[in-house]
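Fold and geometry: a report
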Amino acid sequence: MDFITEEQIQKYRQDGYLVLEGFFSPEECDALRERMAVIVERMDVPLHCRTEFSTEQEEQLKTQGNADYFMSSGDKVRFFFEKGVFDSQGDFLVPRERSVNKIGHALHASEPVFKNVTHSPKVQELSRKLDFKQPVVVQSMYIFKQPGIGGEVTPHQDATFLYTEPLGRVMGVWIALEDATEENGCLWFIPGSHKTGITRRMVRTPAGTFPRTQFIGSERTYADEKFVMAPVKKGSLILIHGEVVHRSAMNSSNHSRHVYTFHIMESENTRWSAENWLQPTQELPFPSLYT
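Let me begin by describing the structure that accompanies this report. (Residues numbered from 1 in each chain as written. Predicted model: local features only at pLDDT ≥ 70, side-chain atom pairs only at ≥ 80, totals over all residues. Heavy atoms only, no water.)

1. Thoughts on the sheet that holds strand 14 (residues 259-266)
- Taken in spatial order, the 7 strands line up as 1-12-7-14-4-3-2 in an open sheet, and their pairing is antiparallel. If you trace the sheet from one side to the other, it starts and ends with strand 1 (17-20) and strand 2 (77-81), each paired once. Taken pair by pair, the neighbouring strands of this sheet meet at an average axis angle of 20°, ignoring direction.
- Note: strand 1 against strand 12 (residues 237-241), 4 bridges, orientation antiparallel. Each bridged residue has a counterpart across the sheet, and for Y17 the counterpart in strand 12 is I240. (Pairing = 2+ DSSP bridges. Helix = DSSP H or I, 4+ residues; strand = E, 2+ residues; numbered from the N terminus. Axes fitted to C-alpha atoms, helices over the stretch in contact; angles between N-to-C directions.)

Rendered as structure tokens:
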């Protein structure tokens, strides 16, 4: 069975993203959600680690870059929270299952259900069709986009955070575990924007200095009318080129928008920047996608 056609491959190369409807079954999506419900129910997060997550540039530097919890999460399963879900004592103001913004960044290595989906035969076949020779998995995330409070993600390019030389070696795989609609914060893209490089990078600062990361350069300003909405049904998969500009609005609905997403990198003839916040570790070198 062909999971992607030659015409779709060309569309991905032209637009920088591609929607593949019905790639995963409802049962496969439900299995991920059910396992995540158990993880959230069992999470025991120290008060000092209850880091609120934001995509605003200054807040990223303050709440993520300064936090060892974030910087050392590449080979672990860690919890990042929405704004305003804790009181002044660090206790939950909302049910814990409604408090989490995302969980990352090693579900693909630490959780068998997520590992099986990441390395599923159809994902491997998809990657081969896209000419990945030696793809490795660099990170994974479960994004909740909570009802009513799921935060906006401002326009960005993944290569700002996951930089390689040469560029064009990273691809996001975004799996809708629920319907993603305009109301609950589906993705929006600027087609073709992956062809003009990047203008901003988030890099590590020298050891022992604070903040732990800084931005070099600045994000371009993008006209709203350039963005194309990409609502998708549960089970759909979106391929996201590392340099395509994309965003999502706040979830203004009463419905969550759960997603499992991971990034792969073509490791053949590619240098992963030592300045990236995310680094492979002795405990978890970037694993091959192909099994």
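2. Here we look at the environment of T164
- Tracing the backbone shows T164 in strand 6 (residues 164-165).
- Given a relative accessible area of 2%, T164 falls into the buried group.
- With near-sequence residues (within four places) excluded, T164 lies in contact with R169, V170, M265, T270, R271 and W272.
- Engagement of the side chain of T164 in a polar contact is seen with the backbone oxygen of P166, the distance being 2.7 Å. (Buried < 20%, exposed > 50% of the residue type's maximum accessible area, 1.4 Å probe, protein only. Contact = heavy atoms within 4.5 Å. Polar contact = N/O pair within 3.5 Å; in protein donor to acceptor, adjacent residues only side chain to side chain.)

3. Focus on the sheet that holds strand 8 (residues 187-189)
- Judged by pairing direction, the sheet is antiparallel, and its 4 strands sit side by side in the order 5-13-8-11 without closing on themselves. If you trace the sheet from one side to the other, it starts and ends with strand 5 (153-156) and strand 11 (228-230), each paired once. Averaged over neighbouring strand pairs, the angle between their axes works out to 25° when direction is ignored.
- When strand 5 meets strand 13 (residues 246-248), the two strands line up antiparallel, connected through 2 bridges. Counterpart to V153 in the pairing with strand 13 is S248.

4. A closer look at the nonpolar core
- Within the largest apolar cluster, 57 residues are counted, with the highest numbers of intra-cluster contacts made by M36, I103, L130, I175, L237, L239 and Y260.
- For this core, the element with the most residues is helix 2 (residues 26-42), which contributes 5 residues.
- The contacts of L239, once residues within four sequence positions are left out, are I4, Y12, G16, Y17, L18, L126, L130, M171, G172 and V173.
- Judged by nonpolar contacts, the second largest core, of 20 residues, contains W174, A180, L187 and F189. (Core = buried A, V, L, I, M, F, W, Y, C linked by side-chain atoms within 4.5 Å.)

5. A few points about the packing of aromatic side chains
- Applying the stated criterion across every chain, the model contains 16 aromatic pairs.
- Summarising the aromatic geometry, the rings of Y17 and F189 are spaced 4.0 Å apart at their centres and angled 5° between planes, so their arrangement reads as stacked. Here F189 lies in strand 8 and Y17 lies in strand 1, a separation of 172 residues in the sequence.
- Y17 sits in the buried class, given a relative accessible area of 11%.
- Geometrically, the ring pair formed by Y260 and F262 is tilted, given 5.7 Å between the ring centres and 40° between the ring planes.
- What makes Y260 buried here is its relative accessible area of 0%.
- Accessibility expressed as a relative area gives 0% for F262, which makes it buried.
- Aromatic ring contacts, followed pair by pair, group F114, Y142, F144, Y260 and F262 into a single cluster. (Phe/Tyr/Trp six-rings, centres within 6.5 Å; stacked < 30°, edge-to-face > 60°.)

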